[in-house]
Structure formats: C-alpha cells, structure tokens
Amino acid sequence: MHFDYTPTGVCSRHIEFDIDDEGRLHNVRFTGGCHGNTQGIGALTEGMDAREAAKRMGGIDCKAKGTSCPDQLARAITEALS
C-alpha cells in the first residue's frame, strides 16, 4: 500500500512510502529537507521491515527540535501500520 504523510517540526514538507504485503518498506521519498540525508534514509530503509525501521528511527532528534526527518518517518510508519 502507498502512504502519504505530512511531517511537522522538520524541514521536510511531505513523506511518501509503500509497505508491501510482507510489511517491508519501499520507495521512501521526502519532499524538502536535507536532500542527501533524506535520500540516504530512503536507500537504507529500502526493503527493510517497517516495524523495525520505525523502532530504529523513532526518537531521533535534530537540532533539539524534539523530532527529525527519521523520527517523522517512524511516526508515519507507525500510523500507517495501525
């Protein structure tokens, strides 16, 4: 399934991704944010178990904002899986 998420508190303005029938992430894309970092997140999470990805990235902080692009992706995944 395809999911769209609007992050808050970060530079990214939009996150989209797919979760396949086996619970794996694909096609993670960010609009906005630090391009190299968000591309890296997408590459590293490709084919990864969605629950494991959310567990690893949840709570990561950027510049004392209380969240980050990886944390926002973790929140989006958690929402998508609920």
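Worth saying up front: this structure is predicted, and the values here are computed from it rather than measured. (Residues numbered from 1 in each chain as written. Predicted model: local features only at pLDDT ≥ 70, side-chain atom pairs only at ≥ 80, totals over all residues. Heavy atoms only, no water.)

(A) Region of the structure containing the side chain of Thr38. Counting through the fold element by element, Thr38 comes out in helix H1 (residues 35-45). Discounting residues that sit within four places of it in the chain, Thr38 has contacts with Ser12, Phe30, Gly32 and Cys69. (Helix = DSSP H or I, 4+ residues; strand = E, 2+ residues; numbered from the N terminus. Contact = heavy atoms within 4.5 Å.)

(B) Seen up close, unusual backbone geometry. For Asn27, which is not a glycine, the phi torsion comes out positive at approximately 55°. Here Asn27 shows up in strand E3 (residues 25-32). With a relative accessible area of 38%, Asn27 lands in the partly exposed category. Of note in the backbone geometry, Ala64 takes a positive phi value of approximately 55° without being a glycine. Following the sequence through the fold, Ala64 ends up in the loop between helix H2 (50-57) and helix H3 (69-81). On the accessibility criterion, Ala64 (70% relative accessible area) is exposed. (Buried < 20%, exposed > 50% of the residue type's maximum accessible area, 1.4 Å probe, protein only.)

(C) Looking closely at the layout of surface pockets. Empty space within the largest pocket amounts to approximately 200 Å³. Along its surface, the largest pocket is lined by 14 residues, and Cys34, Asn37, Cys62, Ser68 and Cys69 are the ones closest to its centre. Secondary structure elements with two or more residues in the lining of the largest pocket: H1 and H3. The leading source of residues in the lining of the largest pocket is H1, at 3 residues. (1 Å grid on protein atoms, 1.4 Å probe; cavity = no way out; pocket = protein on both sides within 12 Å on 5 of 7 lines; lining within 4 Å. Points joined across faces, edges and corners; volume = space filled by probe spheres on them.)

(D) Representation of the pairing of E3 in the model. As judged from the 6 bridges shared by strand E2 (residues 12-19) and E3, these two strands associate in the antiparallel manner. Paired with His14 across the two strands is Thr31, which belongs to E3. Hairpin connection, E2 to E3: the antiparallel pair is bridged by 5 residues, and Gly23 has positive phi, about 80°. (Pairing = 2+ DSSP bridges.)

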